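Summary of the model geometry
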Amino acid sequence: MKKNVFIVLSLVFVMSSCNSTNEDLFMSTPAPVPVEDVTDIQVGLNQLNNSYAKNVVETRSFWGFLRKLGVCLADAAGFIFGGGVDGASKVSELADKYLPGNSDKSVSNEFGMISKDGHIDDGGEQRKQAVFKDCPLSGLKTNEVGYIHNKSILNRFSEGNMFTSTYILREQSIDGFLTPANYSEYEELMPEDKLYASQEFSMQTVNDILEPIQNDNDISVHDYVTLLTRKTSDDNIQKQLKITGQVLEGLQYVDDNDTTYITKAREIIENSKSSKEMKEKLLDAISIANASAKLWVTNEPKK
């Protein structure tokens, strides 16, 4: 009798343990991230871009005006892949080095720009104009990621801390690549997860983003998007890259002082059926893309 009771209790214990284990497994399995439907955004941006392209063709030489903004996708991709503003700005500095004729755009000290007392000499100011556009912060709000992206790069340039053309990625660690201390002053303006890189952001991520532009420094926005989407199996990240690419393709039709295009693009995203989280990610990504287009001096496109 005692033996039977022992067996019964043992079975109860085993079944209880199995149930407990199953429950633990169930609780520890993250819920799948829903795949977003962004068709309405893509359709809206296509219509917007077509209207701007038509206007350019009708009013001026198309190839003489079209801006080459493929490099700006690198900045936005740095943010989309989890780099925050910190990672996006560092990717931006390196991507700019791969543009035709830009390999000598190194740090301000190398230009002879910054003296020991911080004085900017005339030659340095000329070099600054060769690197950055005249009004890289115009039209940007101080509480948007694009503004902080541009401001931090300008600050690094003035301090002589920008990456040089001799920076070798394979020799760097992610801790040496990122500079989170430079962004603490902006914590009152936005959440920390927008400023700082996630744990998943690595030097491999940086290499994946820069590889297409290293292989083809005249790459188009469309081709760059295609190659970047192959670097991830995350459907929502792929969609963020594609939509950001659409916005950059539209920005190619307008000059730096135009704010109507980006305003309309934002309205399309804000009025879409996408989730609040997706809308916010997209708005941040195109903020950085738009800011990058205002920042770097790029060569005229081939005619």
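One structure accompanies this document, and this report is about it. (Residues numbered from 1 in each chain as written. Predicted model: local features only at pLDDT ≥ 70, side-chain atom pairs only at ≥ 80, totals over all residues. Heavy atoms only, no water.)

1. Concerning the nonpolar core
Let me state the cut-off plainly: We define a nonpolar core as any set of buried Ala, Val, Leu, Ile, Met, Phe, Trp, Tyr and Cys residues linked to one another through side-chain atoms lying within 4.5 Å. Summary of the burial criterion: residues with accessible area below 20% of their type's maximum are buried, those above 50% are exposed, and those between are partly exposed, where the area comes from a 1.4 Å probe applied to protein chains only. Under the DSSP-based scheme used, a helix requires at least four consecutive residues in state H or I and a strand at least two consecutive residues in state E, with every element numbered from the N terminus. Contacts were defined at the residue level, with two residues in contact if any of their heavy atoms lie within 4.5 Å.
Of all hydrophobic cores here, the largest spans 53 residues; its most connected members are Phe177 and Tyr261. If you list the elements that add at least two residues to this core, you get α2 (39-59), α4 (72-97), α9 (203-215), α10 (221-229), α11 (235-251), α12 (260-270) and α13 (276-295). Those residues within four positions of tyrosine 261 in sequence are excluded, and the remaining contacts are Leu45, Leu48, Asn49, Tyr52, Gln246, Val247, Gly250, Leu251 and Val254. Judged by nonpolar contacts, the second largest core, of 14 residues, contains Val85, Tyr147, Leu195 and Tyr196.

2. Quick word on the environment of tyrosine 167
Within the element layout of this structure, tyrosine 167 appears in the loop between α6 (145-158) and α7 (174-177). Taking relative accessible area as the criterion, tyrosine 167 reaches 18% and is therefore assigned buried. Spatially, the C-alpha atoms of tyrosine 167 and lysine 97 are 9.9 Å apart, while their sequence positions differ by 70 residues. Contacts of tyrosine 167, omitting those with residues within four sequence positions, involve Leu94, Gln172 and Phe177.

3. A look at the packing of aromatic side chains
Note the cut-off: Two aromatic rings from Phe, Tyr or Trp, using only the six-membered ring of Trp, form a pair when their centres are within 6.5 Å; if the ring planes differ by under 30 degrees the pair is stacked, by over 60 it is edge-to-face, and anything between is tilted.
Enumeration over the complete set of coordinates arrives at 5 aromatic pairs. Taking 5.2 Å as the distance between ring centres and 90° as the angle between the ring planes, the aromatic pair formed by tyrosine 52 and tyrosine 261 counts as edge-to-face. Here tyrosine 52 is found in helix α2, whereas its partner tyrosine 261 is found in helix α12, with 209 residues between them in sequence. Neither tyrosine 52 nor tyrosine 261 differs from the other in exposure class; each is buried. Ring geometry for phenylalanine 132 against tryptophan 296: centres 5.2 Å apart, planes inclined by 35°, an arrangement best described as tilted.

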